[in-house]
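Here is what each chain is made of, one letter per residue.
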Amino acid sequence: MQVVYEDNHIIIVNKQSGEIVQGDKTGDRPLSDWVKDYLKEKYQKPGAVFLGVVHRLDRPVSGLVVFARTSKALTRLNKMFAEGEVHKTYWAIVKNTPREPEGTLEHWLVRNEKQNKSYAYDRERPNAKKAILRYRVIANSDNYTLLEVNLMTGRHHQIRCQLAAMGCPIKGDLKYGAPRSNPDGSISLLSRRVEFTHPVSKQQVIVEASLPNDPLWQAFGLR
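Residues numbered from 1 in each chain as written. Predicted model: local features only at pLDDT ≥ 70, side-chain atom pairs only at ≥ 80, totals over all residues. Heavy atoms only, no water.

Caption draft 1: Fine view of the layout of surface pockets. The volume enclosed by the largest pocket comes to roughly 1400 Å³. Forming the boundary of the largest pocket are 39 residues, of which Arg 56, Leu 57, Asp 58, His 156 and His 157 lie nearest the centre. For the lining of the largest pocket, the secondary structure elements donating two or more residues are helix H2 (71-82), strand S5 (87-94), strand S9 (145-151) and helix H3 (158-165). Residue composition of the lining of the largest pocket, by class: 14 nonpolar, 13 polar and twelve charged. Along the walls of the second largest pocket sit 20 residues, with Gln 16, Ser 17, Ser 62, Pro 212 and Asn 213 positioned nearest its centre. Breaking the lining of the second largest pocket down by element, the ones donating at least two residues are strand S2 (10-15) and strand S4 (62-68). The residue inventory of the lining of the second largest pocket, partitioned by class, reads six nonpolar, eleven polar and three charged. (1 Å grid on protein atoms, 1.4 Å probe; cavity = no way out; pocket = protein on both sides within 12 Å on 5 of 7 lines; lining within 4 Å. Points joined across faces, edges and corners; volume = space filled by probe spheres on them. Helix = DSSP H or I, 4+ residues; strand = E, 2+ residues; numbered from the N terminus. Nonpolar A, V, L, I, M, F, W, Y, C, P; charged D, E, K, R; others polar.)

Caption draft 2: Fine view of the side chain of Thr 153. Assignment of secondary structure puts Thr 153 in the loop between S9 and H3. Among the residues examined, Thr 153 registers a relative accessible area of 18% and is labelled buried. Only 3.0 Å separates the side chain of Thr 153 from the backbone nitrogen of Ile 132, close enough to count as a polar contact. In terms of polar contacts, Thr 153 uses its side chain to reach the side chain of Gln 158, at 3.0 Å. Aside from chain neighbours lying at most four places away, what touches Thr 153 is Lys 130, Ala 131, Ile 132 and Gln 158. (Buried < 20%, exposed > 50% of the residue type's maximum accessible area, 1.4 Å probe, protein only. Polar contact = N/O pair within 3.5 Å; in protein donor to acceptor, adjacent residues only side chain to side chain. Contact = heavy atoms within 4.5 Å.)

Caption draft 3: The arrangement of the environment of Ala 48 in detail. Structurally, the position occupied by Ala 48 is in the loop between helix H1 (31-42) and strand S3 (52-53). Expressed as a C-alpha distance, the spacing of Ala 48 and Ser 141, which sit 93 residues apart in the sequence, is 47 Å.

Caption draft 4: Examining H3 more closely. For H3, the buried fraction is high: six of the eight residues fall into the buried class. All buried positions along H3 are accounted for by Gln 158, Ile 159, Arg 160, Cys 161, Gln 162 and Leu 163. Elements that come into contact with the buried residues of H3 comprise S5, strand S6 (102-112), strand S7 (117-121), strand S8 (129-140), S9 and strand S10 (189-197).

Caption draft 5: Highlighting the pairing of strand S1 (residues 2-6). Two elements, S1 and S2, share four bridges in a ladder whose sense is antiparallel. If you follow Glu 6 over to S2, its bridge partner there is Ile 11. In textbook terms, the turn of a hairpin is the stretch between consecutive antiparallel strands, and for S1 and S2 this stretch comprises three residues. (Pairing = 2+ DSSP bridges.)

Caption draft 6: Molecular detail of the pattern of salt bridges. Counted according to the given criterion, the structure contains twelve salt bridges. Taking the shortest distance from any N to any O, the salt bridge between Lys 42 and Glu 6 comes out at 3.3 Å. Of the two residues, Lys 42 sits in helix H1 while Glu 6 sits in strand S1, which places them 36 residues apart along the sequence. (Salt bridge = Lys/Arg side-chain N within 4 Å of Asp/Glu carboxyl O.)

So this is what it looks like as structure tokens:
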């Protein structure tokens, strides 16, 4: 666990692929528990440590996760996430290069709970939620393309599903059409940057995650 930003109200960590943000049916220890342990030890806090989960990343995804350290920050961050005031930028390594170097994708997504998967449609249909993202190509390697993605909406598996619908599945993402898994079970999607106005101090917070220590990410020559 790597802490990349910390103050009295907020802590932001760089999640490794394979970690779960919050407890689930697997029973595996979640990232939130590790962060609580870190805070308890660092500040020698007696009793339970408060930590609010304001958003999640899928288990095979790496990158920035924001937690609230106070109830005041939790309430305000929840509202900010809901109203689109927290700007998150993702980087995704995909197998195919999009026809256009940048663009906006709009789909209607239907979530299948049993399969834990979303399906993208061009037109509205029952139980569908509108999904919008913007992408641009930022680099190419011999076999892959690196995209920068900004979400306009927050839907289940939105980036994974919409990029696959464009014909550009994320490397390693078998669920959405990648031909092979990554050796470590990750998918090549990184929560790269987060930007927002601090809910308490009103200062601008901008944080970037370092790239995964993987030759594939390094092949693009970026830091």
